[in-house]
Amino acid sequence: MNVRILKDEQAVARAVAARVIKTLTARPATVLGLPTGRTPVALYARLVAAHAAGRVDFSQASTFNLDEFLGLPGDHPASYRAFMETHLFGHVNLSPRRIHFLNGAARDPVAECARYEAAIRRAGGIDLLLLGIGTNGHIGFNEPAAGLVADSHPARLAAGTRRSNAELFDGRVQAVPRRALSMGVGTILRSRAIVLVATGAGKADVIKATVEGLVTTRVPASLLQLHGAVDLVVDEAAAAGLRRR
Ligand code: PGA
């Protein structure tokens, strides 16, 4: 894993935005994989500003988001789809037909996941996947477990994951769905390039385990050690546990 340690959250957002802009400039029809969460908010703000300044064009790009709550339609205000509309999609020139999302309201969740995998394949695969990481090591909604599902699948959320998503539901943990649809670790590892982003002291332990620990499904992000093109972009606080390099 290529580790890049930057001063703070804004420096991380600036570096990852620059990577996305460079990728889209070199190849306008890039297929992006996108995360939700608190970490990418500053990154999306920079991409929106860059677009407004005429520095990045999304018109040929495609996007696939990592995950969505099960049971929520995309127009539900707490859905990840709504989050993406608020922070990115509503402000850039992505073509609506090239924005792809797992439909949390699908009647048949398993069929919905198969549809998503087929759509990723049809798009030619994901060129650049941006990822956040949970404090328990989850990527997407692939929570720590004895075994992990490779392809997109209905997943059960860990208790801590539901707590950290309560903000989207007016602070009510009970309102956070217990299940979600998520890309699997195989979907993630099939991406040509991956940028894992983490900021803040709360991520220091899991970043150490991800980079320096054993490859284990108990820390799903550690599987990224198996991929040849992963850049980890972290601030100093999230890097605090790493051995000096
Ligand atoms: P966060 O979430 O960016 O809100 O910390 C990351 C994640 O759980 O994947």
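Structure: above.
So, here is what we can say about the structure in this document. A quick note: this is a predicted structure, and the numbers were derived from the prediction, not measured.

Side note on the overall build of the chain
What the chain contains, in helices and strands, is 7 helices and 10 strands. The C-alpha atoms of the chain give a radius of gyration of 17 Å, which matches the 18 Å a tight globule of 245 residues would have. When its C-alpha atoms are laid out on the principal axes, the chain stretches across 45 × 45 × 35 Å. For the chain, buried positions account for 53% of its 245 residues.

Some words on the site of the ligand
The immediate surroundings of the ligand are formed by Gly37, Arg38, Thr39, Gly132, Ile133, Gly134, His138 and Lys203. One of the side-chain nitrogen or oxygen atoms of Lys203 is found 2.6 Å away from an oxygen atom of the ligand. Taken by itself the ligand offers 280 Å² of open surface, and the protein chains cover 79% of this. Partitioning the shell around the ligand into residue classes produces 1 nonpolar, 5 polar and 2 charged.

Things to note about helix 7 (residues 204-212)
Within helix 7, burial applies to Ala204, Val206, Ile207, Thr210 and Val211. Buried residues along helix 7 cover an arc of 160 degrees about the axis, so they all sit on one side. Along its buried surface, helix 7 packs onto strand 1 (2-6), strand 9 (193-198) and strand 10 (230-235).

Here's the deal with the pairing of strand 8 (residues 179-182)
Here 3 bridges tie strand 4 (residues 67-69) to strand 8, and the two strands are oriented antiparallel to one another. Paired with Phe69 across the bridge in strand 8 is Ala180. The pairing of strand 7 (residues 153-156) with strand 8 spans 4 bridges and is antiparallel. Paired with Arg156 across the strands is Arg179, a residue of strand 8.

Notes on the nonpolar core
Core analysis: the biggest nonpolar cluster contains 44 residues, and Leu47 and Leu88 have the highest contact counts within it. Looking at this core, the element that brings in the most residues is helix 1 (residues 9-26), giving 8 residues. With residues up to four places along the chain from it excluded, the contact list for Leu47 reads Ala17, Val20, Ile21, Val56, Phe58, Leu88 and Val92. Counting 35 residues, the second largest nonpolar core, distinct from the first, contains Ile133, Ile139, Val185 and Leu232.

Conventions we followed
- Residues numbered from 1 in each chain as written.
- Predicted model: local features only at pLDDT ≥ 70, side-chain atom pairs only at ≥ 80, totals over all residues.
- Heavy atoms only, no water.
- Helix = DSSP H or I, 4+ residues; strand = E, 2+ residues; numbered from the N terminus.
- Rg over C-alpha atoms; globule rule 2.2 N^0.38 Å.
- Buried < 20%, exposed > 50% of the residue type's maximum accessible area, 1.4 Å probe, protein only.
- Near = heavy atom within 4 Å.
- Polar contact = N/O pair within 3.5 Å; in protein donor to acceptor, adjacent residues only side chain to side chain.
- Areas by Shrake-Rupley, 256 points an atom, 1.4 Å probe, with all protein chains shown as cover.
- Nonpolar A, V, L, I, M, F, W, Y, C, P; charged D, E, K, R; others polar.
- Arc of directions from axis to C-beta.
- Contact = heavy atoms within 4.5 Å.
- Pairing = 2+ DSSP bridges.
- Core = buried A, V, L, I, M, F, W, Y, C linked by side-chain atoms within 4.5 Å.

Everything listed here is a matter of coordinates, which is why it stays silent on function.
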